[in-house]
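# Descriptive analysis of the structure
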Amino acid sequence: MAVSSLCNAIQERIVMGELLDEASQAHVLACTGCGRLAADWLALDSLVAVEIDGGVAVPDGFADRVMASLPPEPAAALPVSRVESLLGRRWVQLVLAQVGLAVAIANLLRFVFSTLVPAASLGGVS
Amino acid sequence: MDDGFLIRQTLSGKRNAFRMLVVRYQRPLFRFLGGFGLGQAIAEELAQETFLRAYRNLSGYDADKAKFSSWLFTIAKNLALNERARSHQRLPHAEAADDEAESPVRDSVPSVHEALETGERRLRVQRALQRLPEILRSTLVLAYLKELSMDEIASIESCSVGAVKSRIFRGKQLLRAELVESEDRHGRV
């Protein structure tokens, strides 16, 4: 049972492509099941690694091409984005909304008391 | 020089710092895009677009949320998935033709020796990778890059480390089954 759980642990690491410590490597060499599985998965890993490594290549001058395609002033956007990020915060939006509401109510009251009420008292509003 | 320093330098207007980031990540990025089965020309286009988007949005990058490499690969992954979706729309019923169209082997024009030695085998591996479900292929390719930790892959894939391990295992199982089947069909791998 102990051997089986050791095999399971080692085989899991083999499948995940993790490096094995020396004791585990010795076990793989001694254990037929683990040895077969290791050979199998290593062959698969090497096939896929070759494909990924050889699939596409970085062309000469690629970094130059990228740099030529960049906008001239990247950092200029930084202060603007800070303001944007500040305005995007919920508490800032709530404060601005409250201030806006207070100003609107004050304007309404000012209109009522400075225009409507005096006009009504003079008989201008029916 | 670590990524954080180079990013700060770039944001303060030193473009050469970004060049160093490009040079540092261009190779793993191309390997990643190649693993997606994208051809040379499309991989170049997407890699360039990845760096361009990273540059444009660098001020919004939050180092506390993800490593720069994870952020960069997330951009590349999204671009690659969009490109694949577009190419599938262009050729909805022609899987074989799609495989041919996206073949890096075709684009990279291998030498005769290369073609004889490895061309057929690579094509089979490539097709086996193409047949993997998108979610498994992306995780598997990231794992094969050997450049990223499990945590970083989990961050790119927006899943747990456990899910990453599970996807790698399932992906390799499917890949192996596909290659064994291919071997049976062709007599060798």
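Criteria and cut-off values
- Residues numbered from 1 in each chain as written.
- Chains lettered and ligands numbered in written order.
- Predicted model: local features only at pLDDT ≥ 70, side-chain atom pairs only at ≥ 80, totals over all residues.
- Core = buried A, V, L, I, M, F, W, Y, C linked by C-beta atoms within 7 Å.
- Buried ≥ 20, exposed ≤ 12 C-beta atoms within 10 Å, placed from the backbone.
- Helix = DSSP H or I, 4+ residues; strand = E, 2+ residues; numbered from the N terminus.
- Contact = placed C-beta atoms within 7 Å.
- Expected span 1.5 Å × (residues − 1).
- pLDDT = per-residue confidence, 0-100.
- Nonpolar A, V, L, I, M, F, W, Y, C, P; charged D, E, K, R; others polar.

### Considerations on the nonpolar core
Of all hydrophobic cores here, the largest spans 49 residues; its most connected members are L33, L46 and A76 of chain B. A per-element tally of this core places helix α2 (residues 15-35) of chain B first, with 8 residues. Leaving out residues up to four positions away in the same chain, L33 of chain B has contacts with V56 of chain A together with L38, A43, L46, A47, A76 and A80 of chain B. Grouped together as the second largest cluster of nonpolar side chains are 6 residues, I10, I14, V15 and C34 of chain A included.

### Here's the deal with helix α3 (residues 32-55) of chain A
With 24 residues, α3 of chain A extends 34 Å from end C-alpha to end C-alpha; this agrees with the ideal 34 Å at 1.5 Å per step. Turning to α3 of chain A, its buried residues number three or more, namely C34, A38, L44, L47, V48, E51, I52 and G55 of chain A.

### Quick notes on the confidence of the model for chain B
All names here are of chain B. Of all residues in chain B, 81% attain a pLDDT of 70 or more, and the chain-wide mean is 80. Helix α6 (residues 104-108) is the least confidently modelled element of chain B, averaging 41 in pLDDT, while helix α3 (residues 40-56) averages 92, the highest of any element. Residue range residues 93-116 is modelled with pLDDT below 50. Its contacts to residues more than four positions away, or to other chains, number 32 contacts. This prediction of the complex comes with two scores: 0.65 for pTM and 0.70 for ipTM.

### Quick notes on the interface of chain B and chain A
The interface is formed by 42 residues belonging to chain B together with 29 residues belonging to chain A. Put simply, the parts of the chain that give the side of chain B that touches chain A at least two residues each are α1 (3-11), α2, α3, α6, α7 (112-131), α8 (134-145) and α10 (161-186) of chain B. Considering only residue class, the side of chain B that touches chain A consists of 20 nonpolar, 12 polar and 10 charged.

### Side note on unusual backbone geometry
Comment: phi is negative for the bulk of residues other than glycine, and the bulk of peptide bonds are trans. The backbone phi angle of S158 of chain B is positive, close to 55°, even though this residue is not glycine. Following the sequence through the fold, S158 of chain B ends up in the loop between α9 (150-157) and α10.

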